[in-house]
Amino acid sequence: MSVRLDRIVTRGGDRGMTSLGDGARIRKDDPLIEAMGCVDELNAVVGLVRLHCPDRDELELIQNLLFDLGAVLCIPDREDDGARIAEGVIWLDAEIVALRESQQPLTSFVLPGGSVGASWAHMARVVARRSERRVVALDQTRLTSSVMFLNRVSDYFFVLARHMNDNGRSDVLWRRTQV
């Protein structure tokens with residue numbers, strides 16, 4: 001498939017409207033556009049995680065699957081959310097299991113932090129959760145795999161953050177404090 005973008009500035013959104021993949025025009029504050037924007041933001045944060053974890057080739061695949069998910073969202077009357085997204089859920093399940101095998105057992109809740117890379121992975125995790133909430137707010141009957149995929153993405157970034165914190169040995173752990 002060849003993609004050619006001749007014009008970036010179209011002025012089509014200057015009045016608060018945008019186009020969907022099927023050509024329909026909707027307001028930029030529509031919940032669908034909010035969900036698409038959250039998925040796009042997640043993709044950008046994954047790009048930042050990649051800077052700190054260049055040995056994880058699966059991050060590029062996650063970015064491509066997130067782009068595919070955005071394409072699914074931009075066509076509201078599509079019957080399903082695509083086989084690639086459903087396959088991504090199964091693939092991420094296996095990636096999570098593989099990362100967890102070498103990690104320290106959890107004995108406490110983990111706070112975001114530790115290394116810079118782990119902090120960005122935690123940021124990806126929370127943006128994935130927000131994206132998931134926004135997609136759940138849409139028509140869930142056709143977006144089941146998309147919701148499951150975003151749920152797995154957040155789980156993946158939690159275990160990746162622990163991986164980047166020396167497999168949990170450098171995690172920042174929650175502890176009850178007295179004020």
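Coordinates for the structure precede this section.
Below you will find a few notes about this structure. (Residues numbered from 1 in each chain as written. Predicted model: local features only at pLDDT ≥ 70, side-chain atom pairs only at ≥ 80, totals over all residues. Heavy atoms only, no water.)

As for the overall build of the protein
The line we're drawing: Every helix listed is a DSSP run of H or I at least four residues long, and every strand listed is a run of E at least two residues long, numbered separately from the N terminus. Each residue gets one of three labels from its accessible area relative to the maximum for its type: buried under 20%, exposed over 50%, partly exposed in between, using a 1.4 Å probe on protein chains only. Only the protein chains shown count as cover for residues, and the accessible areas themselves come from Shrake-Rupley with a 1.4 Å probe. Here Asp and Glu are counted as negative and Lys and Arg as positive; His is not counted, and neither are the chain ends. Throughout, a charge is located at the NZ atom of Lys, the CZ atom of Arg, the CG atom of Asp or the CD atom of Glu.
The helix and strand inventory of the protein stands at 5 helices and 4 strands. Beginning at the N terminus, the succession of helices and strands in the protein can be written as β-β-α-α-α-β-α-α-β. Across its three principal directions, the C-alpha atoms of the protein cover 50 × 40 × 35 Å. By the burial criterion, 39% of the 179 residues in the protein qualify as buried. Accessible surface computed for the protein: about 10600 Å², of which carbon and sulfur atoms make up 53%. For the protein, the distance from the average position of its 23 positive side-chain charges to the average position of its 26 negative side-chain charges is 7 Å.

Things to note about helix H3 (residues 83-100)
The criterion, for reference: Expected span of a helix: the number of residues minus one, times 1.5 Å. The directions considered for the arc run from the helix axis to the C-beta atoms.
Helix length check: H3, at 18 residues, gives a terminal C-alpha distance of 26 Å against a target of 26 Å (1.5 Å per residue), a fit within 8%. Those residues of H3 that fall on the buried side of the exposure criterion are Ile85, Gly88, Val89, Leu92, Glu95, Ile96 and Leu99. Within H3, the buried residues cover an arc of 135 degrees as seen down the axis, which keeps them to one side. Counted as exposed and oriented over 90 degrees from the buried face of H3: Ala83, Glu87, Ile90 and Val97.

Section: helix H5 (residues 144-164)
The end-to-end C-alpha distance of H5, which contains 21 residues, comes to 30 Å, matching closely the 30 Å that a straight helix rising 1.5 Å per residue would cover. The buried fraction of H5 amounts to 15 of the 21 residues, a majority that puts the element mostly inside the structure. Where H5 terminates, the next one or two residues include aspartate 166, which has phi positive at roughly 55 degrees.

Regarding the side chain of arginine 56
The test is simple: Two residues form a contact once any of their heavy atoms are found within 4.5 Å.
Inspection of the secondary structure puts arginine 56 in the loop between helix H1 (31-52) and helix H2 (58-73). Once residues lying within four places of it in the same chain are set aside, the contact partners of arginine 56 are Glu95, Leu99, Tyr156, Leu160 and His163.

What about unusual backbone geometry?
Notably, aspartate 166 is not glycine yet its phi reads approximately 55 degrees, a positive angle. Its relative accessible area of 42% is what places aspartate 166 among the partly exposed residues. Within the chain, asparagine 167 stands out as a residue other than glycine whose phi angle is a positive 55 degrees. With respect to the helices and strands, asparagine 167 occurs in the loop between H5 and strand S4 (172-173).

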